[in-house]
Amino acid sequence: MGIKVNKKDLQDLKKDIDKAIDTSMKSTYIFFKKVTPKDTGNAKSKTMYDQRTLTITGAYPYAARLDDGYSQQAPKGMTQPSLVYLRKELTSEFAKI
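Quick caveat: nothing in here was measured; it's all calculated off a predicted structure. Residue positions are counted from 1 within each chain, in the order its sequence is given. Selection of residues for local features in this predicted model requires a pLDDT of at least 70, selection of side-chain atom pairs for listing and counting requires 80 or more, and totals for whole chains, interfaces and linings are taken over all residues. Water and hydrogen atoms play no part in the side-chain values, which are based on all heavy atoms of the structure.

> How do you make sense of the overall build of the chain when you look at a structure like this?
Put simply, DSSP marks the helices as runs of H or I at least four residues long and the strands as runs of E at least two long, and each gets a number from the N terminus on. Each helix and strand counted, the chain has four helices and two strands in total. For the chain, the α and β elements follow one another from N to C terminus as α-α-β-β-α-α. Dimensions along the principal axes, computed over C-alpha positions, put the chain at roughly 60 × 20 × 15 Å. Residues counted as buried form 27% of the 97 residues belonging to the chain. Sequence-distant contacts in the chain: of pairs separated by 6 or more residues, those separated by 24 or more amount to 53%. Exposure classes here rest on a 1.4 Å probe applied to the protein chains alone. A residue is buried below 20% of its type maximum, exposed above 50%, and partly exposed in between. By definition, residues are in contact when any of their heavy atoms lie within 4.5 Å.

Here it is as structure tokens:
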């Protein structure tokens, strides 16, 4: 008894997984910006997504302070709600594979 794996099937699966991750991260980036508090708009405009490293970054000096719940607009910050959102997105995307 044994298992034989078709290399093309594995390559297709990898592509599907990569696409699911990319789609989920892009969606989470949009969500992250949505939950980012807005006063002047600086925080939202300087929130960046690096597709190569799959990283969402608040590129402004007070990002950590906002993420710690400093603003009443985002008492839970942005990271924790975004991680919950990302988990749901990944679950949904992987269910399609």
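> Is there a simple way to think about the nonpolar core in this case?
A general tendency of soluble globular proteins is for nonpolar side chains to be buried together. By nonpolar core is meant a set of buried Ala, Val, Leu, Ile, Met, Phe, Trp, Tyr and Cys residues that side-chain atoms within 4.5 Å join together. Of all hydrophobic cores here, the largest spans six residues; its members are Phe32, Ala43, Tyr60, Ala63, Leu66 and Met78. In contact with Ala43, other than residues within four places in its own chain, are Thr36, Pro37, Tyr60, Tyr62 and Leu66.

> Looking at this structure, how should I read unusual backbone geometry?
Only a minority of non-glycine residues have a phi that is not negative, and only a minority of peptide bonds are not trans. Backbone geometry at Leu54 places phi at a positive 55°, although glycine is not the residue there. By secondary structure assignment, the location of Leu54 is in the loop between strand S1 (47-50) and strand S2 (55-58).

> Where do I start with the environment of Ser45 in this structure?
Position of Ser45 relative to the elements: it lies in helix H2 (residues 42-45). Put simply, Ser45 and Leu90 are 45 residues apart on the chain and 25 Å apart in space, counted from C-alpha to C-alpha. Under this definition, polar contacts are N or O atom pairs within 3.5 Å; protein pairs additionally need one hydrogen-donor-capable and one acceptor-capable atom, and for neighbouring residues in sequence, both atoms have to be side-chain atoms. Engagement of the side chain of Ser45 in a polar contact is seen with the backbone oxygen of Asn42, the distance being 3.0 Å.

> Please clarify how the pattern of salt bridges should be interpreted in this entry.
Where charged atoms from two side chains of opposite charge approach closely, those side chains can pair. For this document, the term salt bridge refers to a Lys or Arg side-chain nitrogen within 4 Å of an Asp or Glu carboxyl oxygen. With the rule as written, the count across this model stands at five salt bridges. Of the charged contacts, one joins Asp22 and Lys26 as a salt bridge, the two residues approaching to 3.2 Å between their closest N and O atoms. Of this pair, Asp22 and Lys26 both sit in helix H1 (residues 7-35), separated by four residues, roughly a single helical turn. With a shortest N-O distance of 3.9 Å, Arg52 and Asp50 are connected by a salt bridge. Residue Arg52 is classed as exposed on the basis of its relative accessible area of 72%.

> Can you help me understand helix H4 (residues 79-95) in this one?
Residues that lie three or four places apart on an α-helix share one face, since the helix turns once every 3.6 residues. Take the number of residues in a helix, subtract one, and multiply by 1.5 Å to get its expected span. Over its 17 residues, H4 extends 24 Å from the first C-alpha to the last, a length consistent with the 24 Å expected when each residue adds 1.5 Å. Where H4 is concerned, the buried positions are Ser82, Leu86, Glu89 and Glu93. For H4, the buried positions fall inside an angular range of 70° around the axis, keeping them on one side. Residues Arg87, Lys88, Thr91 and Ala95 are exposed on H4 and point more than 90 degrees away from its buried face. Residues of H4 that are buried sit in contact with H1. Directions are taken from the helix axis to each C-beta atom, and the arc is the one they span.

> Is there a simple way to think about a nonpolar patch on the surface in this case?
On the surface, Ile3, Val5, Leu10, Leu13, Ile17, Phe94 and Ile97 cluster together into a nonpolar patch covering about 640 Å² of accessible area. Here the nonpolar patch gets three residues from one element, more than from any other, and that element is H1. The residue Phe94 is located in helix H4 in this model. Candidate patch residues must exceed 30% relative accessible area and have no salt bridge, after which like charges are joined if within 9 Å and Val, Leu, Ile, Met, Phe, Trp or Tyr side chains if within 5 Å. Note on areas: Shrake-Rupley with a 1.4 Å probe; residue coverage comes only from the protein chains shown.

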